[in-house]
Amino acid sequence: KTIKAVSHAKKILKEFKPDIVIGTGGYICVSVCMAASQLKIPIILHESNAFPGVAVKVMAKKADEILLGFEEAKERISNARKIVVTGTPTKVNSNRLSDEQKYNLKQEMKLKQDLPVVLFFGGSQGAQSINNAILGIIENKLNEKYQIVWAVGPGNYDEVKEKLRIKNIDIDNIENTKILPYIYNMQEIMQISDLVVCRSGAMTITEIANVGVPAIFIPFPFATENHQEYNAKVLENVGAAKIILDKNLTSNELNSTITNLVENKNALKDMGKKANQVAIQNVEEKIYKEIKEL
């Protein structure tokens, strides 16, 4: 289908007549970029992961320039004409809440002011194993030393609610626990969180670095090259995160790792600072500059 799509892409490009074609790493960009190459249209690729995907590797030789989200990806791309580390665009920026705003947000969410907040979310790649581990923590009341804010995902909320109901637990009335279908103000919630537990997609890593919050990453277990594990190591290598592999994930292991971290507030703050040091500033401007100069 990818090969057949090249001719279709050429027809569209001839009609649209773009000045530049930008591929962002998905499989669909191969057909479009191959068509652009045949039509002599300049190509820019953007790779957001620390371990480049197949599409970027395949098109690297034909691209005029490759933009990277992480420095670590550079050594894994060969035969590229030009590589620039620009970072990855995200809606989460460096804007900070004041102490008063943080206090008010915790009040609004009915969170305790003096108990560490641990934010859990799964991400687009799914998180059944994470959900099961958190349920175990809640059902066994293991989170005495921290409070949970858990975004389960709209599609999982009713299932989680039912699983808790069977255990005689009311989802809206759990000690030290706030369960939500979805979080729309993620940047603000991250800022009142002492620790984040989540998958390690490229966008998530970027957002966590921008906010400067420590993390426990549970990479999605891909069957082949594990891009998420390489992403997670970007922050682990600078001391900003811990990694628990999906195959090793249990309620006790997760709770133990969380508890050990939140008990040392100074170390936790230091992890947050190290995460923020990885963040790349002015990403959009850097990308625009490269496009304009091509």
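Up top is the structure these notes are about.
Residues numbered from 1 in each chain as written. Predicted model: local features only at pLDDT ≥ 70, side-chain atom pairs only at ≥ 80, totals over all residues. Heavy atoms only, no water.

Draft legend 1. The sheet that holds strand β6 (residues 147–151), seen in detail. Spatial strand order, β7-β6-β5-β8-β9-β10: six strands in an open sheet with parallel pairing. Two strands close off the open sheet at either side, each with one partner strand: β7 (177–180) and β10 (241–243). Taken pair by pair, the neighbouring strands of this sheet meet at an average axis angle of 15°, ignoring direction. Where strand β9 (residues 215–217) meets β10, three bridges bridge the pair, whose relative direction is parallel. Residue F217 lies in a different strand from β10, and its bridge partner there is I243. (Pairing = 2+ DSSP bridges. Helix = DSSP H or I, 4+ residues; strand = E, 2+ residues; numbered from the N terminus. Axes fitted to C-alpha atoms, helices over the stretch in contact; angles between N-to-C directions.)

Draft legend 2. View of the sheet that holds strand β3 (residues 65–68). Strand order in the open sheet formed by four strands is β1-β2-β3-β4, and the pairing between neighbours is parallel. In this open sheet, the two edge strands, each paired with only one partner strand, are β1 (21–23) and β4 (83–85). Adjacent strand axes in the sheet meet at a mean angle of 20°, parallel and antiparallel pairs treated alike. Both β3 and β4 contribute to a ladder of three bridges, which runs parallel. In the sheet register, I66 faces β4, and the bridge partner there is I83.

Draft legend 3. Representation of unusual backbone geometry in the model. Notably, K40 is not glycine yet its phi reads approximately 65°, a positive angle. Here K40 shows up in the loop between α2 (28–38) and β2 (43–47). For K40, a relative accessible area of 73% puts it in the exposed group. Even without being glycine, N168 reaches a positive phi, approximately 60°. With respect to the helices, strands and loops of the structure, N168 is situated in the loop between α6 (157–166) and β7. Look at N168 and you get exposed, because its relative accessible area is 74%. (Buried < 20%, exposed > 50% of the residue type's maximum accessible area, 1.4 Å probe, protein only.)

Draft legend 4. Local environment of the pattern of salt bridges. Throughout the structure, instances matching the rule amount to 13 salt bridges. Among the ionic pairs, E162 bridges to R165, the shortest N-O distance being 2.7 Å. Placement of both E162 and R165 in helix α6 is noted, with a separation of three residues, approximately one turn of the helix. Residue classification places E162 among the partly exposed residues on the basis of a relative accessible area of 34%. One connected set of salt bridges, linked through shared partners, spans E65, K82, K289, E290 and E293. (Salt bridge = Lys/Arg side-chain N within 4 Å of Asp/Glu carboxyl O.)

Draft legend 5. Main features of the pairing of β7. Relative to β7, β6 runs parallel, the two sharing four bridges. The partner of W150 across the bridge, within β7, is I179.

Draft legend 6. Representation of the packing of aromatic side chains in the model. Following the criterion strictly, the structure yields two aromatic pairs and no others. Against the face of Y230 rests K233, its NZ or CZ located 5.7 Å from the ring centre. (Phe/Tyr/Trp six-rings, centres within 6.5 Å; stacked < 30°, edge-to-face > 60°. Lys NZ or Arg CZ within 6 Å of the ring centre and 35° of its normal.)

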